[in-house]
Amino acid sequence: QMQLVESGGGLVQSGGSLTLSCVASGTYIEHYAIGWFRQAPGKEREGLLCVGSSGGALYYKDSVRGRFTISRDNSKNTMYLQMNNLKPEDTAVYYCAARGTCIGKGDFDSWGQGTQVTVAS
């Protein structure tokens, strides 16, 4: 069973950037698809984007295309979410999650605890 821990959230001004980290333990991160999700207060969790074990990226949400990018550092067993040009509507708790593939039915199998991102207008 993989365990995931997110970090890197915080308060940023509109138009600014943040990089979130997702550190895996229990197995090698390159064997899994890793997705990034977020949940704002009172709203359902939404998928943002995902990178497969082959390295290909899939965007779940159009509003983050061109602004959010996933990268991998296998030596640190870590995935990163680079977020640029942040907007107030990006304010949410951000989660990383893992399963076999980015595309498929059902929920991801392993989840981190989340990290808060707040974007001031």
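Before reading on, note that the structure itself is shown above.
Note that the structure is a prediction, hence the values are computed from the model and not measured.

**A closer look at the environment of Tyr59**
The topology assignment puts Tyr59 in strand E6 (residues 57-59). Given a relative accessible area of 29%, Tyr59 falls into the partly exposed group. When the C-alpha atoms of Tyr59 and Leu11 are compared, they prove to be 24 Å apart, with 48 residues separating the residues in sequence. Leaving out residues up to four positions away in the same chain, Tyr59 has contacts with Leu48, Leu49, Val64, Arg65, Phe68 and Thr69. Within the local environment of Tyr59, its side chain forms a polar contact with the backbone oxygen of Phe68, the two atoms lying 2.8 Å apart.

**Overview of the nonpolar core**
Ile34, Trp36, Phe68, Leu81, Met83 and Tyr94 are the most contacted members of the largest nonpolar core, which totals 26 residues. Listing elements by their share of this core, those giving two or more residues are strand E3 (18-25), strand E4 (33-39), strand E5 (46-51), strand E7 (68-73), strand E8 (78-83), strand E9 (92-99) and strand E11 (115-120). Once residues lying within four places of it in the same chain are set aside, the contact partners of Ile34 are Met2, Ile29, Leu49, Cys50, Val51, Ile70, Met79, Cys96, Ala97 and Ala98. Residues Ala33, Cys50, Ala97 and Phe108 belong to the second largest nonpolar core, which totals six residues.

**Things to note about the sheet that holds E7**
Taking strand neighbours across the sheet as the criterion, the four strands line up as E1-E3-E8-E7 in an open arrangement whose pairing is antiparallel. At either end of the open sheet lies a strand with only one pairing partner, and these are strand E1 (3-7) and E7. Going from strand to strand, the sheet's axes swing by 20° on average, the running direction of each strand aside. Bridge analysis of E3 against E8 gives six bridges, and the strand direction is antiparallel. Counterpart to Leu20 in the pairing with E8 is Leu81.

Rules and cut-offs
Residues numbered from 1 in each chain as written. Predicted model: local features only at pLDDT ≥ 70, side-chain atom pairs only at ≥ 80, totals over all residues. Heavy atoms only, no water. Helix = DSSP H or I, 4+ residues; strand = E, 2+ residues; numbered from the N terminus. Buried < 20%, exposed > 50% of the residue type's maximum accessible area, 1.4 Å probe, protein only. Contact = heavy atoms within 4.5 Å. Polar contact = N/O pair within 3.5 Å; in protein donor to acceptor, adjacent residues only side chain to side chain. Core = buried A, V, L, I, M, F, W, Y, C linked by side-chain atoms within 4.5 Å. Pairing = 2+ DSSP bridges. Axes fitted to C-alpha atoms, helices over the stretch in contact; angles between N-to-C directions.

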